Amino acid sequence: MDSSAVVRTVVRDRLEVVVDGPDPGVLRLGLLLPLSGALGLTGPSGLLAASLAATELNVSGVAGRQVQLVLVDAGRLPHEVARDASGLLGLVDAFVGFHTSDVHRALEAALGGRVPYIFTPPHEGGSRRPGVVLLGDSPGRQLAPAVRWLVERRRLRRWALVGSDYIWPRAVHRVAAGIVRSLGAEVVAARLVPFQGPAFDAEEIVAALDRVRADAVLLSLVGRDLVLFNRAFTASPPAGRVVRLSGSLEENGLLAAGGDDTGELYAAMRSFAGQGDERRIALAERHRALFGGRAPVLDAYAEGCYDGVHLAAALAAAGRLTPAGAQPGTAALLASADRGAWAAAPLGPPRSGGFLARADGLDLTVIAPL
């Protein structure tokens, strides 16, 4: 079966669901993925990962119900995504997905705690409304161990911060400045580039970083902006001597940038395709068996989406897929040593912690756990 046929078996069209109305005999999950916009290159991988999870769940069902995914393109403007998601209130049991944090905040306000909402990627931290579950890491948890590793082993003292101008990168800049200074290093430049607008002048930014003699650049650019910057940087004089660390670089973004052979591009994420642990190998095998070897790489964003769908099903099976029950229910599920709580999830609960990887051509090679 090809990937499009697999997707068609579990994904419902949003407008058809609106016309058909509620179906209590089905566990419906609104699937929020960036199929366009800055993160659009990661959306296809997430769609296949979510479809894999739903296919696994439908082998035996969730409390007698089959799982359906109702797709919403979360790569558009925040108010557009919030409008379409709000139109599914009363028609879906929960929302699951990844997208930028400006979209996340608009969704959180529009949904108003009326339905569980599982947000799976790295996030900016802070408090959330009832029903909002965060599976990813905050900037401090994600980046502090990686920055410390690089400062201690590479003696990097002069750091620059470059990100897209929206919620998550702003939070990264605030937190990262404190991390860098706590390690005895200094921030010599900080730059936020316009987000979701015309392409920025990456060459000008690279030249500015060279002028301030940065040893390292912490990147919170996302999607196509990260691709544009890395392409410009690898063609510049500082490429072989300045370290770049990203909290959003995954395999599909590295492929889009044409790879990197400088030996100085690092990524800190929850998982990487080639890390080689038992769970990741099993997930890759399941993904390959269903979609074949030519499907988009199953990156960290996609793995988070896979885990988010299984988490929603586990909460539903426990009777806790409600606005009041989602947060405490998730905490209980993740802390439980009882494998039965994840009986419908072949690979068990989501992983904790993360990894530091280095770009090696078209691959990201794990070099340290975080």
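Each residue is numbered by its place in its chain's sequence as written, counting from 1. Since the coordinates come from a predicted model, pLDDT governs what is reported: local features require at least 70, and pairs of side-chain atoms require 80 or more to be given and counted, while whole-chain, interface and lining totals use all residues. Excluding hydrogens and water, the side-chain values take into account all heavy atoms of the structure.

### Describing the UniProt feature "domain: Leucine-binding protein" (unreviewed entry) in the protein chain
UniProt positions are given in the numbering used here, feature names are shortened, and annotations may be inferred rather than shown by experiment. UniProt tags residues 28-325 as "domain: Leucine-binding protein" (unreviewed entry). Counting from the N terminus, the helices are DSSP H or I runs at least four residues long and the strands are E runs at least two residues long. Helix makes up 43% of residues 28-325 and strand makes up 18%, while its end C-alpha atoms are separated by 17 Å.

### A short note on the environment of Arg76
With respect to the helices and strands, Arg76 occurs in the loop between strand E3 (66-73) and helix H4 (78-86). Summary of the burial criterion: residues with accessible area below 20% of their type's maximum are buried, those above 50% are exposed, and those between are partly exposed, where the area comes from a 1.4 Å probe applied to protein chains only. Among the residues examined, Arg76 registers a relative accessible area of 23% and is labelled partly exposed. Along the chain, Arg76 and Leu35 lie 41 residues apart, while their C-alpha atoms are 8.4 Å from each other. We call two residues in contact whenever any of their non-hydrogen atoms come within 4.5 Å of each other. For Arg76, the contacting residues outside a window of four places in its chain are Ser36, Val81, Arg83, Asp84 and Val103. Polar contacts, as counted here, are pairs of nitrogen or oxygen atoms within 3.5 Å of one another; within protein the pair requires one atom able to donate a hydrogen and one able to accept it, and residues that are adjacent in sequence qualify only if both atoms are side-chain atoms. A distance of 2.9 Å separates the side chain of Arg76 from the backbone oxygen of Asp73, its partner in a polar contact. Looking at Arg76, its side chain comes within polar contact range of the side chain of Asp84, at 2.9 Å.

### Let's talk about the domain arrangement of the protein chain
A common way to state how big an interface is: give the accessible area lost once the parts meet. Each domain's limits were defined by an automated method or a database of domain assignments. Once the domains are mapped, the protein chain shows domain 1 (3-137 + 278-284 + 298-342) and domain 2 (139-269). Summarising the inter-unit geometry, the C-alpha centres of domain 1 and domain 2 are found 29 Å apart. With 19 residues of domain 1 in contact, the opposing surface of domain 2 contributes 21 residues. Here's the idea: put two parts together, see how much 1.4 Å probe accessible area each one loses, and the total over both is what we call buried area. For the pair domain 1 and domain 2, the two sides together bury roughly 1,600 Å², of which 68% comes from carbon and sulfur. Among the residues of domain 1 in contact with domain 2, Ala38, Leu41 and Asp137 are the three that bury the most area, contributing 31% of the side total. Salt bridge criterion: a side-chain nitrogen from Lys or Arg within 4 Å of a carboxyl oxygen from Asp or Glu. Taken together, the links from domain 1 to domain 2 amount to zero salt bridges. At the junction of domain 1 and domain 2, the tally comes to three residue pairs in polar contact (both at pLDDT 80 or more). Sorting the residues of the side of domain 1 that touches domain 2 by element identifies helix H5 (101-111) and helix H12 (300-317) as the ones contributing at least two each. With three residues, the single largest contributor to the side of domain 1 that touches domain 2 is H5.

### Details of empty space enclosed by the protein
Here the idea is plain: a probe the size of a water molecule rolls over the atoms and shows the empty space left. Two kinds of site are reported from a 1 Å grid over the protein atoms alone, namely cavities, where a 1.4 Å probe fits but cannot get out, and pockets, open sets with protein on both sides within 12 Å along at least five of seven lines, and residues are called lining when an atom falls within 4 Å of a point. Grid points are joined across faces, edges and corners, and a volume is the space filled by probe spheres set on the points. Going through the model one piece at a time under the given rule, you end up with six cavities of 30 Å³ or more. Size it by volume and the largest cavity reaches roughly 190 Å³. Lining of the largest cavity is provided by 15 residues; of these, Thr120, Arg270, Ala300, Glu303 and Gly304 occupy positions nearest its centre. The element that contributes the greatest number of residues to the lining of the largest cavity is H12, accounting for five residues. Its volume calculated, the second largest cavity comes out at about 120 Å³. Lining the second largest cavity are Leu39, His99, Thr100, Ser101, Pro121, Pro122, Tyr166, Trp168, Val222, Gly247, Ser248 and Tyr301. In the lining of the second largest cavity, the residues fall into seven nonpolar, five polar and no charged. Residues from two domains meet in the lining of the second largest cavity; each of domain 1 (3-137 + 278-284 + 298-342) and domain 2 (139-269) gives at least three. For this classification, the nonpolar set comprises Ala, Val, Leu, Ile, Met, Phe, Trp, Tyr, Cys and Pro, the charged set comprises Asp, Glu, Lys and Arg, and every other residue, Gly included, is treated as polar.

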